Each structure stands twice: as C-alpha cells, then as structure tokens.
Amino acid sequence: MITQEVFDNRSLAQSEFEEYVEELADAVAPEIEIDSVPDDLGEMYRVWYGSQLLGTFYQNFEGKWVAQPCNRDERPCCNTPELAQIFIVAVNGLLVADVA
C-alpha cells in the first residue's frame, strides 16, 4: 500500500525563510567586539573586527568621547560612546544599514 505524507507548504516556506534570514544576517552583519584596557587617564576602549583592531575611543576631561580609528588622522569628539563606535566602524567600511 502506498501512503502519502501530508505536505505543509506553510511550514516549509517558514523554515526556508528563517534559514535565508540567518544566512543573510551572517553575510551582512560584521562581528564587532568592544573591550577595554586601563589607561593612565581612565579606560581605553578598543573596537575589534575579528582579530583586526579598527580603532579606540575614550572619554576626555570635557565628557566627550574621542574616536581614534586606526590608520586615520580623524579624531572626532562624540556625545556618546555609541557614536564613537559607529564612527570607527563606518570609516573602516563596515557600517551596515538597517534593512528591516
């Protein structure tokens, strides 16, 4: 006797869509990590892409966050540490637009 399994198109489509989103996210979003090391004047934060140092940032005496991308002359002062991180990532060509 031949049996036929019920084929659920919706479940299959959902599963394939989730796999596609995971693959897309892996291909688009870089793995950025932040760590810190003590400095004479406070904490120095480092922005990494894998084992590549992208730059550092720190808070100056005026309360601004100074971004220092590697191999660049720019040293902008930012209002938040997140803006300093975004600047470092952007000048290294790794900024990803939010497509959602």
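Scroll up for the structure.
Residues numbered from 1 in each chain as written. Predicted model: local features only at pLDDT ≥ 70, side-chain atom pairs only at ≥ 80, totals over all residues. Heavy atoms only, no water.

Q: Pulling in residues and values, what's your account of the overall build of the protein?
A: When its secondary structure is counted, the protein shows two helices and five strands. Walking the protein from its N terminus toward its C terminus, one meets helices and strands in the order α-β-β-β-β-β-α. Counting over 100 residues, the protein shows a buried share of 18%. In the protein, the share of contacts with a sequence separation of at least 24, taken over all contacts with a separation of at least 6, comes to 18%. (Helix = DSSP H or I, 4+ residues; strand = E, 2+ residues; numbered from the N terminus. Buried < 20%, exposed > 50% of the residue type's maximum accessible area, 1.4 Å probe, protein only. Contact = heavy atoms within 4.5 Å.)

Q: Before we move on, could you go through helix α2 (residues 81–91) and cite the residues and values that matter?
A: Each α-helix turn comprises 3.6 residues. Residues three or four places apart therefore point the same way. Three or more residues of α2 are buried, namely Ala84, Ile88, Val89 and Val91. Those residues of α2 that are buried are in contact with β1 (32–39), β2 (42–49), β3 (52–59), β4 (65–69) and β5 (77–78). Just past α2, the residue Gly93 takes up positive phi, approximately 75°.

Q: Could you give me a rundown of the environment of Lys64, with the residues and numbers involved?
A: With respect to the secondary-structure elements, Lys64 resides in the loop between β3 and β4. Separated by 16 residues in the primary sequence, Lys64 and Thr80 place their C-alpha atoms 7.2 Å from one another. Once residues lying within four places of it in the same chain are set aside, the contact partners of Lys64 are Tyr58, Gln59, Cys77, Cys78 and Asn79. At 2.3 Å, the side chain of Lys64 forms a polar contact with the side chain of Asn79. (Polar contact = N/O pair within 3.5 Å; in protein donor to acceptor, adjacent residues only side chain to side chain.)

Q: Outline the pattern of salt bridges, listing residues and values.
A: Applying the stated criterion to the full structure yields one salt bridge. A salt bridge links Asp35 to Arg46, with the shortest nitrogen-to-oxygen separation between them at 2.8 Å. Taken together, the residues Asp35 in strand β1 and Arg46 in strand β2 connect sequence positions 11 residues apart. Relative accessible area serves as the criterion here: at 24%, Arg46 is assigned to the partly exposed category. (Salt bridge = Lys/Arg side-chain N within 4 Å of Asp/Glu carboxyl O.)

Q: Outline the side chain of Thr56, listing residues and values.
A: Mapped onto the elements of the fold, Thr56 is located in strand β3. Each residue touching Thr56, except ones within four places of it in the same chain, is listed here: Met44, Tyr45, Arg46, Val66, Ala67, Gln68 and Ile88.

Q: Break down a nonpolar patch on the surface for me, citing the residues and quoting the values.
A: A cluster of nonpolar side chains, namely Ile32, Ile34 and Tyr49, defines an oily patch on the protein surface of about 220 Å² accessible area. Take Ile34: it is sitting in strand β1. (Patch = residues over 30% accessible without salt bridge, like charges linked within 9 Å, V, L, I, M, F, W, Y side chains within 5 Å. Areas by Shrake-Rupley, 256 points an atom, 1.4 Å probe, with all protein chains shown as cover.)

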